[in-house]
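Fold and geometry: a report
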Amino acid sequence: DAPSAVDRLRDIGVEPWLISGALRGVVSQRLVRRICPHCKRAYHPASDELALLGLDDAPDLVFYKGEGCPDCHHTGYTGRRAVFEILMLDAPLRRLINAGASADELADEARRHGFTTMRERCRDLVLRGETTAEEAARRLAQYGPNELQEGPKKSGLRIFLEQFKDFLVLILIAAAAVSAIWPRR
């Protein structure tokens, strides 16, 4: 998630004062599959689906899923949609970074100023009928137990590749931060 980018920058040796001075924001992104509009059907969600998204049971609550048709090759999905988590650093967050705050502390402070988590954005997509609860859970499972109680298991290689990709992105961010601050000769 976006707040943990600060921890990852610290992990690779970037000083907190450099992070707070150079970093302007962090964007975290996942892609979720869209429900096929040709075979989209409404249903009342089961309690486990509601629990995955942190919702209470309500009799008028409706979720959607694709039943499968020739237009979606019987998958129930057509296309993808990006889900973003955008963390913009303001003065209170910069002070927390300088003080060595954890990703959870940064996220709590950001939420007080309107930060929307990936989980909240995925939940909104499910409630609007753009994706399924299963698809949202599949994407949120990448965040671990704090964001989702259960989810599909990933292979060690897949986890390594995802973490390596995130590491490379953070190196590019750190390099940009250093080059923006460091004087040129």
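Anyway, here's the lowdown on the structure attached to this text.

Conventions used here
Residues numbered from 1 in each chain as written. Predicted model: local features only at pLDDT ≥ 70, side-chain atom pairs only at ≥ 80, totals over all residues. Heavy atoms only, no water. Helix = DSSP H or I, 4+ residues; strand = E, 2+ residues; numbered from the N terminus. Buried < 20%, exposed > 50% of the residue type's maximum accessible area, 1.4 Å probe, protein only. Arc of directions from axis to C-beta. Core = buried A, V, L, I, M, F, W, Y, C linked by side-chain atoms within 4.5 Å. Contact = heavy atoms within 4.5 Å.

Regarding unusual backbone geometry
One non-glycine residue, His 73, lies in the positive phi region at around 60°. As for its placement among the helices and strands, His 73 is situated in the loop between β3 (63-66) and β4 (77-88). Exposure remark for His 73: the relative accessible area of 66% places this residue in the exposed category. With a phi angle near 60°, His 74 is a residue other than glycine that sits in the positive phi range.

Remarks on helix α5 (residues 103-112)
Residues Ala 103, Leu 106, Ala 107, Glu 109 and Ala 110 constitute the buried set of α5. Viewed along the axis of α5, the buried residues span an arc of 165°, placing them on a single side of the element. Those residues of α5 that are exposed and angled more than 90 degrees off the buried face are Asp 104 and Arg 112. In the segment just after α5, Gly 114 is the residue with positive phi, at about 100°.

Description of the nonpolar core
The biggest cluster of nonpolar side chains holds 18 residues, and the ones touching the most others in it are Ile 19, Leu 23 and Leu 87. Among the elements that make up this core, the one with the highest residue count is helix α1 (residues 4-11) (3 residues). In this view, Ile 19 contacts Val 6, Leu 9, Arg 10, Val 14 and Ile 97; residues no more than four positions away in its chain are not counted. Core analysis: the second largest hydrophobic core is formed by 14 residues, Phe 63, Val 83, Leu 125 and Ala 136 among them.

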